[in-house]
Amino acid sequence: MTPSPRRWAWRLALLLAVAAIVALTSTQYRTVVGSLTGSTAVQRPDSCLPGTAVPVLDSPHVSEEQAARAHYNSVPATSGPHYAFAANTGIYASAVPEPSFVHTMEHGHVVIAYAPTLPAADVRLLETITRRHSGDVLLTPYPRLEHGVALAAWGRLQTLDRVDESTVVAFVTALAGRYDHEWLADPCPGG
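Treat the numbers as computed from the prediction; the structure is a model and nothing was measured. Within any chain, residue numbers begin from 1 and follow the written order of that chain's sequence. Local features in this predicted model are restricted to residues whose pLDDT is 70 or higher, and side-chain atom pairs enter the listing and the counts only when it is 80 or higher, whereas totals over whole chains, interfaces and linings include all residues. Remark: hydrogens and water are excluded; side-chain values derive from all non-hydrogen atoms of the structure.

Engineer: Could you clarify how one ought to interpret the packing of aromatic side chains in this entry?
Structural biologist: Any two of the Phe, Tyr and Trp rings considered here, Trp counted by its six-membered ring, make a pair once their centres fall within 6.5 Å; the pair's planes then place it as stacked at under 30 degrees, edge-to-face at over 60, or tilted in between. One pass over the full model with this rule turns up two aromatic pairs. Between Y83 and F85 the ring centres are 5.1 Å apart and the planes differ by 25°, which places this aromatic pair in the stacked class. Throughout this description, buried means an accessible area under 20% of the type-specific maximum (1.4 Å probe, protein chains only), exposed means over 50%, and partly exposed covers the range between. Assessed through its relative accessible area of 11%, Y83 is described here as buried. For F85, a relative accessible area of 51% puts it in the exposed group. Ring geometry for F101 versus Y142: centroids 6.0 Å apart, planes at 65°, classification edge-to-face. In this pair, F101 sits in helix α4 (residues 98–106) while Y142 sits in the loop between β6 (137–141) and β7 (149–153), placing the two residues 41 residues apart along the sequence. Of the two residues, F101 and Y142, both sit in the buried class. Strands here are runs of E lasting at least two residues and helices are runs of H or I lasting at least four, both read from the DSSP assignment and numbered beginning at the N terminus.

Below is the structure:
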């Protein structure tokens, strides 16, 4: 004898209720929900960190059509609307779309964006730095940048007229892993 449609509906409702309880009581709740919906704007300027604090925008997942109308408050963006998929860390020879690398930053990675006019020797140095921090950095040309380099992390930005290895490494070291759908640690203890 097969169960009635009403019995199947009750079973489905019970299964959904159990799944919701597990999700709500999980220590990974914010990460799970954030992975599905994006982040909400929670400010945390942390004056001890390199670069400049940029106000964090609400950061929902959006379609390509919606992303085309998105407005960011920095160049490059350090938060805001982004695709539901993140670009992988690594070295890119062509520009990674901003909504992809914003999502990458939402998972605690640093984006190093450089102007297309940056000298080849500087690009090679950035590639070397990126390889040393391969799990933490996405390196991409960024056509909207007229000159130099922009170091971007969630809610943080530093621009450089030329590549300075110690400055780039300090930025990556201080900011990689600081945010993953929520602030993970206090980077300014006692401050």
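Back to the text.
Engineer: Can you walk me through the pairing of strand β5 (residues 110–114) in this structure?
Structural biologist: The two faces of the sheet receive side chains in turn, since in a regular strand these alternate between them. Burial analysis of β5 places five of its five residues in the buried class, which makes it a mostly covered element. Here β5 shows a buried face lined by V110, I112 and Y114 and a second buried face lined by V111 and A113. Pairing between β5 and β6: five bridges, direction parallel. Pairing of V110 across the sheet is with V137, part of β6. Pairing between strands is defined by DSSP: at least two bridges between them are needed.

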